[in-house]
Amino acid sequence: MSLPVIEARRDRRPPIIAPGHTFETVTDRISRVVLRRGTPRGWIVGFALSFSLMMVLFYATAVLLFRGIGVWGINIPVAWGFDIVNFVWWIGIGHAGTLISAILLLLKQEWRTSINRFAEAMTLFAVACAGLYPVLHLGRPWLAYWLFPYPNTMSMWPQFRSPLIWDVFAVSTYLTVSLLFWFVGLIPDFATLRDRSASRVGRATYGMLAMGWRGSAQHWHRYETAYLLLAGLATPLVVSVHTIVSFDFAVSVIPGWHATILPPYFVAGAIYSGFAMVMTLAIPIRKFYGLEDFITMRHLDNMARVMLATGLIVAYGYMMETFMAWYGGNPYESFMVLNRFSGPYWPQYWLLITCNVILPQVLWFKRLRTSIPALFGVSLIVNLGMWLERYIIIVVSLHRDFLPSSWGMYAGTIYDWSMLFGSMGLFLTLLFLFIRYLPMISIFEMRTLVPGAHVEEEAP
Amino acid sequence: MEVNRREFLRACTRQPPEAIVPYARAPEEGIVPGEPLFFATAMPLAGGALGLLVESHMGRPTKVEGNPQHPQSLGATDVYAQASVLGLYDPDRSQVITSAGEIRPWSAFLETLRAAMEAQRAKGGAGLRFLTEPISSPTAIQQMRDLLAEYPEARWHQYDPLARDGAAAGLRAAVGAEVEPHYRVGAAQVILALDADFLACSPTAVRDVREFSAARHGETGMAMNRLYVVEPMPTVTGGVADHRLAARAGDVERLARGIAAALHVPGVNEPSGLEDGTSKAPASVERQAAWVAAVARDLAAHRGTSLVIAGDAQPPAVHALAAVMNQTLGNIGRTVVYAEPSTTAGGQVASLRQLVDDMDAGKVDLLVICDANPVVTAPADLRFAERLDKVGLRVRLGLYDDETSRLCHWHVPAAHYLESWSDVRAYDGTASIVQPLIAPLYDGKTLHELLAACAGRSDAPSAPYDLVRDYWRRQHTGGDFEAFWQRALHEGLVADTAGKLRVPGARRQSIVPAWREPATADALEITFRPDPTVFDGRFANNAWLQELPKPMTRLTWDNAAHMAAATAARLGVANEDVVELRLDGRTVRAPVWIVPGHAPDAVTVHLGYGRTRAGRVANGVGFDAYALRTSDAMWIARGLEVVKTGTRYALACTQGHQQMEGRDLVRTATLEEFRADPAVVRERGPEEPDASLYPPYRYDGYAWAMAIDLSSCTGCNACVVACQAENNIPIVGKDQVARGREMHWIRVDRYYDGPEENPTINNQPVPCMHCELAPCEVVCPVGATTHSSDGLNQMIYNRCVGTKYCSNNCPYKVRRFNFYLYADWTTESLKLQRNPDVTVRSRGVMEKCTYCIQRIQYAKIKAEKEDRRVRDGEVVPACAQACPASAIVFGDQNDPDARVTLLKKNARNYALLGELNTRPRTTYLAKLTNPNPELTRA
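Caption draft 1: Local environment of the overall build of chain B. Check the secondary structure of chain B and you find 30 helices and 40 strands. Taken against the 2.2 N^0.38 rule, which gives 30 Å for 938 residues, the C-alpha radius of gyration of chain B at 28 Å falls within 12% of a compact globule. Dimensions of chain B along its principal axes, counting C-alpha atoms only, are 95 × 85 × 60 Å. Burial analysis of chain B (938 residues in total) assigns 58% to the buried set.

Structure representation (structure tokens):
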């Protein structure tokens, strides 16, 4: 009884892919971005800017390694600052990719096809950026490998009770699975590029990456199985990684960190910021490469809905933190909340609330959900808000903890800012290379969305 | 050349060639590598001497401790003594004899000096002048006397910028003789300090703190003393007072007269009204009147067990008033005794003025300046530097080639006291032989050598060892001199040398000068004080002291114009605003620092900063307050103008927040409350949880623990410097302190409680708590901080990768991180200072208090060799050892009889933040106060 209703509703929504496309046009449109001769001027300019920004990161890192982490603004009591803020922020951004690829795949949300490749790439690059900080924030970064359990002459193992060790496993697992998932998903498209490439280098490279893909029924069968298995493997990771990152804080005794609500609220926040970042990147790219047919308003609308939902969960988290500070009756907790509201960092706190809670409420309105400038603006605001959230959690909790004698203030130095913007340079550099050399939308999956793919299915 | 092992080792160390005598029994073969030796010696300072035991590793003095037998030390030390070991190895000390900027040999200097002396011999020394600091060395005094006998027209001037001329003059008036008061603080039940910081800034502070604190525990059966303090700026003494009255230094006399009048001291009339010059608010007048009345009543009720102390900065009248009050109260001979001064200095400012006049008149041909730095420290109106130019030959003996040396023809590097043979008298006259721990690093000369050179007698010895020994041989009357000498060296003091006590005769009438209203009562007042860390400036190049947070302000690396919030508001200035201080046409620029509890309409400045040629550490740090100080107003001046300049200057303060925010961090109770219900301390804080799913870890062997008595602690900082010296803690510099990166393993937190005009001050030393359930340990990913079986929270530097998570998760924030390479790995002389038993940390690792694990291990190994347990008191961490108040007690809490165990059972014992279930091994004993019920009711 209810089935026709759903069908009917689905029909009324805009299509996932613009009408008029065939297998041929889909393949052509997407692979053309990679295989065209010459590089667009816009790409060169964008890449150059990103690359320069990445050099800023390298310079700041060199100074850091040469002189010590004193070049940052961290101190006692605020021994973690931009480093861990950036780490959590990038890891959060890295959540959208796997969510879109794995969970939406298992939930059979076909619209994900247009954005999954691209979101997965974003995930990988974000995790790469995030991965820098736990290494560089060490007093002696050259000993970072001591965090891995490896057989050594010292007979020393990591200390497994530390959440930082859990982080090492969570993040490295996530990176590995995301990379595999992304690569496996790319294999059929590598084959397409191999077959269509005009250059010998292209044919050889893509050919190697395609790993002998010939598109036989057996290949497809194995491919589908592997892809589903990987999706199943990746799904718990979406929840686990940020849960474990939140343990870095929840396991501690510091008011503002020591809270059981942190895991769910971190996961929601991660998805929130991840979708915001996908939106931030998708909007200019679809415009620049003329991919409006594939990444349609329907995609943007759906992503906005996900943001709205996760944003509300995050807002609930803030509310509960405040409520529990009062209800729990712990004087340190209540001081921590009051200090956020009206302490020296109040502008940052209220900016965070504005960015993450108040302004995104415009997404309730369909008119704004389908307005490109509005969506782009909201996505940027949420990115900023989520960075501020981590700043508030880390810095503002640490700067005034138990003993007022030890209270201090924190501000990032030029090297802190260089490493934040520099990591964006690294991220964008990788993204530009990805867009130029790999199909940013899954060609073969998009082909399943053209009307021609459904002919047999719909015939009685 | 063939060198055997023994000769090689001898060449490696810088043992003085003469026989020095270790405090403990000497090992038979001399130095045993790894085994420290202790030698008794004494540090001369401010005319007194602190008896010390100096730890020597392979011939290098690395750490000083107090000599328990010495009357001025009683086993404890102050910050200056603790930091003096860094002064010894200061790479900026002058290393060569120079003349006109050129390096010259000692022989060339002797040639010049002898020629000049010969010229003087003809004139009977009419053109010869010596300028020294007040000297209490019997040998030097004898040498000087011999010289003056030979050159009858020559003059010896002694000048100390912190000279206690006011005290001397006041006592001369009151007692009729040249005497120094000695206080028996321990015998006093009620103490009134009239602007006297006797617990920190006095030659006998170390001893007085010991006696004072012993009477602060409030244990049953033990009386607890009560301290009243009147002072302009909060000091260590004011911080521990039961009642502190903030009053301008110039108004103290009026209050003292009020109290004396209320005590019916003959010849003292109550001044017209007690209101001070500017704050004419009736409430404040009433409060002061009530205060004066209550203090007088309390003093009167404690005849013979009360004590009135006048501060060095106060005019003679206040000292005379204090003396007659003590006389009236029957305290003489009980809480205060009079003794001959340990120096022969006399009126020092007058003496210096005489010298300057002579210089100005061209009467001085040869001026020998020893140690004193008059170009900086002389009163500004004497224009010393300018007049110095008129002296024909100027010779300077000094540790540094400083401002005075620059203006002298010859500079001779002085030997540090740790590399000198000398002798010195303590405040009570007890003499100590200063024996060198090391041969002079830079061929420095002692005062004795210089004076011997001046005398130029070929028949007399010229080596300081012979000079000192000869003097004592002449003094020695009994039997075996060698045994006497050995004993004096070993004990660190010469027996029976304490000065004679003087019992003053009948009091004469109207000895206290008549009261006259200060003409400038309404004007802004400025008071000059020695700096709590760099003293009069002589320690300015000592980086440990520069980085040591000053007791009340927690400022480092600078001095400031301290004032009350109300005064700052009236002047329209805020913290770190640079103001121009104008006094009698002289000006200096200083940053403002607001001090709660400072008297209104007054500005306090610390001397000793703004040095220009003190060394790399001190040059250009702070402002020179001496530039405002004149010979007629050495301590207090009125008519100060404060002009805002509009510029700002950043100060590095280690504590940015002063309130406890309603948290029970320093628990306090009045004696009355505590006696009524000892559980009051426990009830002041939340309950400590003790439920756990896991069985507790059993500490079967030792269980090291510490108890810190907040009733005793004065916040003097000796523990901080002692820890720095013991544990090779680096200094980080002003910029890094301002960024919150100071490295001290133990810090003294200071909280204000109550109104900003005159808050209660609570001090709390905070080392690592060595929590049994340490939050830092579980979060370290590499296991670099772990728990030992005897309950120590250990830090393994080699394993630390520097995540800093442990510091974030430490509720006490006692962990310190090497954000840069803070330790100086390159300066050779500083390497000699380091304690070889403690790792010098490198960049990127965390560090923190270890409970001086090297000392624990030393005692454990020793006990193990003797097949016994470590005895109570055998392990003393550096902080506890230095503490003049004995506020820090360390031991094995598994030992039922250990002092620490008993203290932990005390009703005052509580754990800081115990509700977090960290189970700290360091616990505190609540601070008891003994307020006067008459004053608290109001």
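Resuming the write-up.
Caption draft 2: Looking closely at the sheet that holds strand S3 (residues 60-66) of chain B. Residue and element names in this part refer to chain B. A sheet is described by the order of its strands in space; here 3 strands give the open sequence S1-S2-S3, paired in antiparallel fashion. At either end of the open sheet lies a strand with only one pairing partner, and these are strand S1 (37-45) and S3. Across the sheet, the mean angle separating the axes of adjacent strands is 40° when strand polarity is ignored. Alignment of S1 against strand S2 (residues 48-57), held across 9 bridges, turns out to be antiparallel. By the bridge assignment for S2, Thr 41 is matched with Leu 52.

Caption draft 3: Local environment of the sheet that holds strand S38 (residues 909-910) of chain B. Residues and elements named next belong to chain B. On the basis of which strands lie adjacent, the open sheet formed by 4 strands has the order S37-S30-S39-S38 and mixed pairing. The open sheet has two edge strands, strand S37 (888-892) and S38, and neither has a second partner. In this structure, strand S30 (residues 704-709) lies alongside S37, joined through 5 bridges in antiparallel fashion. The residue bridging Ile 708 from the neighbouring strand is Ile 888, located in S37.

Caption draft 4: Representation of helix H27 (residues 853-865) of chain B within the structure. All names here are of chain B. Between its first and last C-alpha atoms H27 spans 18 Å; for 13 residues at 1.5 Å apiece the expected length is 18 Å, and the two agree. Here H27 has its buried residues at Ile 853, Arg 855 and Ile 856. Buried residues along H27 cover an arc of 155° about the axis, so they all sit on one side. Along H27, exposed side chains directed more than 90 degrees from the buried face belong to Gln 857, Ile 861, Lys 862 and Lys 865. Packed against the buried residues of H27 are S30. Just past H27, the residue Asp 867 takes up positive phi, approximately 55°.

The rules behind each value
- Residues numbered from 1 in each chain as written.
- Chains lettered and ligands numbered in written order.
- Predicted model: local features only at pLDDT ≥ 70, side-chain atom pairs only at ≥ 80, totals over all residues.
- Helix = DSSP H or I, 4+ residues; strand = E, 2+ residues; numbered from the N terminus.
- Rg over C-alpha atoms; globule rule 2.2 N^0.38 Å.
- Buried ≥ 20, exposed ≤ 12 C-beta atoms within 10 Å, placed from the backbone.
- Pairing = 2+ DSSP bridges.
- Axes fitted to C-alpha atoms, helices over the stretch in contact; angles between N-to-C directions.
- Expected span 1.5 Å × (residues − 1).
- Arc of directions from axis to C-beta.
- Contact = placed C-beta atoms within 7 Å.

Read these as spatial facts, not as claims about activity.
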